[in-house]
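Per-entry structural report
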Amino acid sequence: MDIVVVMDGPETVDPDTDTSFALITAAQERDHRVWHCLPSDLSIVEGRVGARATPAIADETSTPPLLPMPGEDVDLAAVDAVLIRTDPPFDDTYLRLTLMLDPLTRTATSGEQTLVVNSPRGLRDANEKLYSLRFPEITPETIVTADADRITAFAMRHGGAVVKPIEGHGGRGVMAVRPDDHNAPSIIDTMTTRGRVPVVAQRFLDGVAAGDKRILLLDGEPLGAILRRPTDTDFRANICVGGTVEVVELDDDDHRIIETIAPSLHADGLHFVGIDVIDGLLSEVNVTSPTGLSQLTALGADRPDLAVIRWLERTVAR
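Overview of the structure. The model shown is predicted, which means the values in this text are computed figures rather than measured ones.

**A closer look at the packing of helix α1 (residues 19-29) against helix α8 (residues 304-317)**
It is at 9 Å that the axes of α1 and α8 come closest, and there the two elements cross at 65 degrees. Here α8 runs roughly perpendicular to α1, going by the angle between their axes. Note on packing geometry: the crossing formed by α1 with α8 is right-handed. For the pair α1 and α8, contact is made by A22, L23, A26, A27 and E29 and by D305, L306, V308 and I309, respectively. When grouped by side-chain class, the residues that make up the contact of α1 with α8 number 7 nonpolar, no polar and 2 charged.

**Considering the environment of P70**
Considering the arrangement of structural elements, one finds P70 in the loop between β4 (48-55) and β5 (72-75). Judged by relative accessible area, P70 falls into the exposed class, the value being 62%. For the pair P70 and T54, spaced 16 residues apart in sequence, the C-alpha separation works out to 6.2 Å.

**Looking at unusual backbone geometry**
T63 connects to P64 through a cis peptide bond whose omega is -5 degrees. Put simply, P88 and P89 share a cis peptide bond, and its omega is 15 degrees. Among the structural elements, P89 can be located in the loop between β6 (81-84) and α2 (92-101). At D219, a position not held by glycine, the phi torsion is positive, near 55 degrees. Positioned with a positive phi, D279 is a non-glycine residue whose angle comes to about 55 degrees. The residue D279 is located in the loop between β15 (272-278) and β16 (281-286) in this model.

**Quick look at the sheet that holds β15**
Judged by pairing direction, the sheet is antiparallel, and its 5 strands sit side by side in the order β14-β13-β12-β15-β16 without closing on themselves. What marks the edges here is a single partner per strand, and that holds for β14 (244-248) and β16. Sheet twist, expressed as the mean angle between neighbouring strand axes with direction ignored, is 30 degrees. As judged from the 7 bridges shared by strand β12 (residues 212-218) and strand β13 (residues 221-229), these two strands associate in the antiparallel manner. Paired with R214 across the two strands is I226, which belongs to β13.

**Describing the sheet that holds strand β8 (residues 142-145)**
Read across the open sheet, the 4 strands follow the order β8-β11-β9-β10; overall the sheet is antiparallel. Single-partner strands in this sheet number two, and they are β8 and β10 (175-177). Between one strand and the next, the sheet's axes are offset by a mean angle of 25 degrees, whatever the strand orientation. Two elements, strand β9 (residues 161-165) and β10, share 3 bridges in a ladder whose sense is antiparallel. Pairing of A161 across the sheet is with V177, part of β10. Sitting on the sheet, helix α4 (residues 148-158) is in contact with β8, β9, β10 and β11 (199-203), with an inclination near 165 degrees to β8. Together, β9, β10 and β11 form the strand contacts of helix α5 (residues 184-191), whose direction differs from that of β10 by roughly 135 degrees.

About the cut-offs
- Residues numbered from 1 in each chain as written.
- Predicted model: local features only at pLDDT ≥ 70, side-chain atom pairs only at ≥ 80, totals over all residues.
- Heavy atoms only, no water.
- Axes fitted to C-alpha atoms, helices over the stretch in contact; angles between N-to-C directions.
- Helix = DSSP H or I, 4+ residues; strand = E, 2+ residues; numbered from the N terminus.
- Parallel < 35°, antiparallel > 145°, perpendicular 65-115°, else oblique.
- Left-handed = near helix turned anticlockwise from the far one by under 90°.
- Contact = heavy atoms within 4.5 Å.
- Nonpolar A, V, L, I, M, F, W, Y, C, P; charged D, E, K, R; others polar.
- Buried < 20%, exposed > 50% of the residue type's maximum accessible area, 1.4 Å probe, protein only.
- Pairing = 2+ DSSP bridges.

If you want it as C-alpha cells, here you go:
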C-alpha cells in the first residue's frame, strides 16, 4: 500500500512513546510505502488533493527518528490511505486540515476513493471532551458552562469536580475543584476567563487514584488497554505528566462502554480511537491523535501496531 501520515514535524517524535512512529514502523515491517507531511504541506490544485510529502524512513536510533529525505509531490487521491495524526488541540489549523482532506472521502467520477483515518467529518463533529455526553448512561455527571455559580454548586453537590478546557489535551489545564478549597473561585474564574469561556465540569471520581484506563479501539473493537496511574503529587494520570503505565485486561464495565459507543463510532467514521475510563465510567473519547499504542506494544501485548496495519490492508482491499 501507499500510506501518507499527516503529522507534526519529525523533531517532535519520541520513538519510545509516539503512536504515529509505531504505525509508520509497523507499515514498513509489512513492506508498505509510507510518506509523512505537515498540515501546511497540503494543497488542492485543479480539484486534486495533494501534499508535498517526505518518504518516512523510520530509525529509532537516529535523531530525529524519521530520516531526512527529499520531498516529493504526492496525489492523495491515488494513495491507499491517509492517517490524520496531528496532535490536538482542534484549532483553526486542524479545522483547515479536515476541510482540505474532505474531498478524499467522496467517491470521484473516476471511482477513486482514499481511506482517511479518522474521517475528517467525524473529527469535526467529535470534540474529545464533549463526545461522551452523547452517552449519559455510561458517563459521570457532567455540565458544560461558563457560569461560576453553576460550577461551584456542581462541585458542592458532588463533593468535588474536575474542570477541563473544552479544547484541552494531555492533561493541560485540568483542575480539581474541591468545595473546601479557598482557591476554587480563582480556579473557576481563570478557567472560564471571568465567565466568558465555557468549560467541562465532571463529578470527581475517587477511583482515579487507582488509575485511568486508556482503551484503544479499532473499528469499534478493543485492541487492548493500559492503566495509567497518577503520581503521589498529581491527581492526573496522563503519561505526559508522569503517570506510570501497565497493561490490564478489560472488565465488564469496559465491554459495556464499548458496546454502547461502537455504533456511533462506526457512523462517524472514527476508526481508531482511545477512550478513557475511570471507575467504570467513560470520561473522554480521544479521536484526533490517540496515544498509548507504543506502550501497549512494549508491555507485551500481541502487536497491536501490526493489527492496525492489517486492518488497513483488509479495509483497502474491500
